[in-house]
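Coordinate inspection notes
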Amino acid sequence: MDKNQREQRCIQLYDRFKAHFERVLTLDDAQKEYYPSAESREFNRMLAARYAADFCMLMIRLTSHMGVEDFNDNWFFFSDFIYQDEDLDCQQAIVSKQKEESDEEN
């Protein structure tokens, strides 16, 4: 059974998200001073799979309602919004975006 390229990319993206979430969960456990065990590793794998699936579903729903340009604009807005406390450029981008939106409403 051949999978088309889009399906392959979705599978690869899911695997990347799953690996990322698993690393984050493992790091969280280490920071909480939990000792790794077979049960905790398996639990982290299950959580990572669920988080990756949820994230992929969210991305699919988000992208189904916008084109490439809209997605790029929103993605950069989201990243700026998340990092605005740590990066002055992100904070300025958020302020200018809010100003643009308020100007459009008036």
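Quick note: structure is the one above.
Here is a short report on the structure shown in this document.

Rules of the game
Residues numbered from 1 in each chain as written. Predicted model: local features only at pLDDT ≥ 70, side-chain atom pairs only at ≥ 80, totals over all residues. Heavy atoms only, no water. Helix = DSSP H or I, 4+ residues; strand = E, 2+ residues; numbered from the N terminus. Buried < 20%, exposed > 50% of the residue type's maximum accessible area, 1.4 Å probe, protein only. Lys, Arg positive; Asp, Glu negative; His and termini not counted. Salt bridge = Lys/Arg side-chain N within 4 Å of Asp/Glu carboxyl O. Contact = heavy atoms within 4.5 Å. Core = buried A, V, L, I, M, F, W, Y, C linked by side-chain atoms within 4.5 Å. Phe/Tyr/Trp six-rings, centres within 6.5 Å; stacked < 30°, edge-to-face > 60°.

1. As for the side chain of Asp-29
Within the secondary structure layout, Asp-29 lies in helix α1 (residues 5–31). An unpaired buried charge is present at Asp-29: no salt bridge exists, and Lys-32, the closest side chain of opposite charge, is 5.2 Å distant. In this view, Asp-29 contacts Tyr-34, Ser-40 and Asn-44; residues no more than four positions away in its chain are not counted.

2. What to know about the nonpolar core
Judged by nonpolar contacts, Phe-17, Phe-21, Leu-25, Leu-47, Ala-48, Ala-52 and Cys-56 together constitute the single largest core of 7 residues. When residues of this core are traced back to their parent elements, those giving at least two are α1 and α2 (38–63). Per-element tally for this core: the top contributor is α2, with 4 residues. Once residues lying within four places of it in the same chain are set aside, the contact partners of Phe-17 are Ala-52, Phe-55 and Cys-56.

3. Side note on the packing of aromatic side chains
Applying the stated criterion across every chain, the model contains 6 aromatic pairs. Ring centres of Phe-71 and Trp-75 lie 5.8 Å apart, and the angle between their planes is 25°; this geometry places the pair in the stacked category. With a gap of 4 residues between them, Phe-71 and Trp-75 both fall in helix α3 (residues 68–83), about one helical turn apart. For Trp-75, a relative accessible area of 38% puts it in the partly exposed group. Grouping aromatic residues by their ring pairs yields a cluster made of Phe-17, Phe-21, Tyr-51 and Phe-55.

4. Digging into the pattern of salt bridges
Within the structure shown, the criterion is met by 2 salt bridges. Here Glu-22 and Arg-45 are joined by a salt bridge, their closest N and O atoms 3.6 Å apart. A residue pair is termed long-range when its members are at least 10 positions apart, and Glu-22 in helix α1 and Arg-45 in helix α2 qualify at 23 residues. Glu-22 sits in the partly exposed class, given a relative accessible area of 23%. Across the pair Glu-42 and Arg-45 runs a salt bridge whose closest N-O atoms are separated by 3.3 Å.

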